[in-house]
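# Remarks on the overall topology
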Amino acid sequence: MASDVVDKLRAGVRDVPDFPKKGIVFKDITPILSDPVLFRASIDLFLERCRGKKIDKIVGIDARGFLFGSTVAYELGVGFVPIRKRGKLPYKTEVAKYSLEYGEAEMEMHIDAMMAGEQIVLVDDLLATGGTSAAAAALIRKVGGHLLEAQFLIELQFLNGRRELEPTPVVSFLKY
Ligand code: AMP
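Throughout this document, residue positions are counted from 1 along each chain, in the order its sequence is written. Only residues with pLDDT of at least 70 are given local features in this predicted model, and only at 80 or more are side-chain atom pairs given and counted; all residues enter the totals for whole chains, interfaces and linings. Only hydrogens and water are set aside; all other atoms, that is, all heavy atoms of the structure, feed into the side-chain values.

### Some remarks on the packing of aromatic side chains
What counts here: Any Phe, Tyr or Trp ring, taking Trp's six-membered ring, that has another such ring centre within 6.5 Å forms a pair; planes under 30 degrees apart are called stacked, those over 60 apart edge-to-face, and the others tilted. Secondary structure is summarised from DSSP: a helix means a run of H or I of at least four residues, a strand means a run of E of at least two, and numbering begins at the N terminus for each. Three exposure classes are used, based on accessible area relative to the maximum for each residue type with a 1.4 Å probe and protein chains only: buried under 20%, partly exposed in between, and exposed over 50%. Only when the NZ of Lys or the CZ of Arg is both within 6 Å of the ring centre and within 35 degrees of the ring normal is a charge said to sit over the ring.
Scanning the entire structure with this criterion turns up five aromatic pairs. Ring geometry for Phe46 versus Phe173: centroids 5.1 Å apart, planes at 90°, classification edge-to-face. In this pair, Phe46 is assigned in helix α3 (residues 36-50) and Phe173 in strand β9 (residues 170-175), connecting sequence segments 127 residues apart. A residue is classified by how much of its surface remains accessible, and Phe173, at 7% relative accessible area, is buried. Through a chain of ring-to-ring contacts, three or more aromatic side chains come together here, namely Phe39, Phe46, Phe68 and Phe173. Taking NZ or CZ as reference, Arg10 lies 4.8 Å from the ring centre of Tyr176, over its face. Its guanidinium or amino end placed over the ring of Tyr176, Lys27 lies 3.8 Å from that ring's centre, counting from NZ or CZ.

Structure, rendered in structure tokens:
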């Protein structure tokens, strides 16, 4: 991974203090999305990491995981599965509870989103406490998918969220 690419992407992450509540520094990735060079560079980091792996599906987490995950799936030529906040998916779902850096919530995935034994890569914009992605991992396990790896554009290392995903390998590109 070229360090100048990482530096440019890092410069594209905007810190927004006290959002969505006091004490949280929100890592806003919209400047990366709106810049075609940075957006491509971010997707290329995920793609580089996926190269050589046998992947059946990419799972993306509501909502920014959809932006990165579906683009990566499109480029790899594999399926995409959304994990959504409770109440948004129309068909039968599995549900997992989780706690956030800023609150509590539930995630859902369609029960037929993947077949048992399928090789899955989980994609999201940011790993904080790991609660969200651990819930996503639990949903993938419930329907019999095999989670190969969890990939994040950004990792807030001081929150040690990767511990929640053990023993799944965790990869992140911009570390804070
Ligand atoms: P967590 O469950 O604590 O790992 O939180 C990860 C999820 O919440 C991801 O889907 C992120 O998009 C979002 N999130 C948590 N903390 C932040 C933050 N400081 N900045 C931006 N997004 C965040």
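### Some thoughts on the nonpolar core
To be explicit about the condition: For this analysis, a nonpolar core means a set of buried residues of the types Ala, Val, Leu, Ile, Met, Phe, Trp, Tyr and Cys, connected via side-chain atoms within 4.5 Å. Note on contacts: a residue pair qualifies if any of its non-hydrogen atoms lie within 4.5 Å across the two residues.
Membership of the largest hydrophobic core comes to 28 residues, with the highest contact counts inside it found for Ile58, Leu153 and Ile154. Elements with a minimum of two residues in this core: α1 (3-11), α3, α4 (64-76), β7 (119-127), β8 (146-155) and β9. A per-element tally of this core places α3 first, with seven residues. Sequence-distant contacts of Leu153, defined by excluding residues within four places in its chain, comprise Ile29, Ile32, Ser42, Phe46, Phe68, Asp124, Asp125, Ser172, Phe173 and Leu174. The next biggest cluster of nonpolar side chains, apart from the first, holds 24 residues, and it includes Leu127, Ala136, Phe152 and Val170.

### Some points on the sheet that holds strand β3 (residues 57-61)
Keep this limit in mind: Pairing between strands is defined by DSSP: at least two bridges between them are needed. The axes are straight lines fitted to the C-alpha atoms, using for helices just the contacting stretch, and the angles between their N-to-C directions are given from 0 to 180°.
The strand order across the open sheet formed by seven strands is β5-β6-β4-β3-β7-β8-β9, and the pairing between neighbours is mixed. In the strand order of this sheet, the two ends are held by β5 (93-100) and β9, each with one partner. Taking each pair of neighbouring strands and ignoring which way they run, the sheet shows an average axis angle of 25°. As defined by bridge partners, β7 adjoins β8 across eight bridges and the pair is classed as parallel. Among the inter-strand pairings, Val123 is bridged to a residue of β8, identified as Gln151. With respect to the sheet, α3 is in contact with β7, β8 and β9, its orientation differing from that of β8 by roughly 150°.

### Some words on the pattern of salt bridges
Quick note on the threshold: A side-chain nitrogen of Lys or Arg and a carboxyl oxygen of Asp or Glu constitute a salt bridge if their distance falls within 4 Å.
Tallying each qualifying case throughout the model produces 15 salt bridges. The shortest N-O distance in the salt bridge between Glu155 and Arg162 comes to 2.9 Å. Assessed through its relative accessible area of 2%, Glu155 is described here as buried. Take Arg162: its relative accessible area is 29%, and that puts it in the partly exposed class. Residues joined in a network through salt bridges with shared partners are Arg86, Lys97, Glu106 and Glu108.

### What to know about the environment of Leu67
In this fold, Leu67 is placed in helix α4. Here Leu67 falls in the partly exposed class, since its relative accessible area comes to 36%. Sequence separation of Leu67 and Asp125 is 58 residues, and the distance between their C-alpha atoms is 8.6 Å. Once you skip the residues sitting within four places of it in the chain, Leu67 turns out to touch Leu33 and Phe39.

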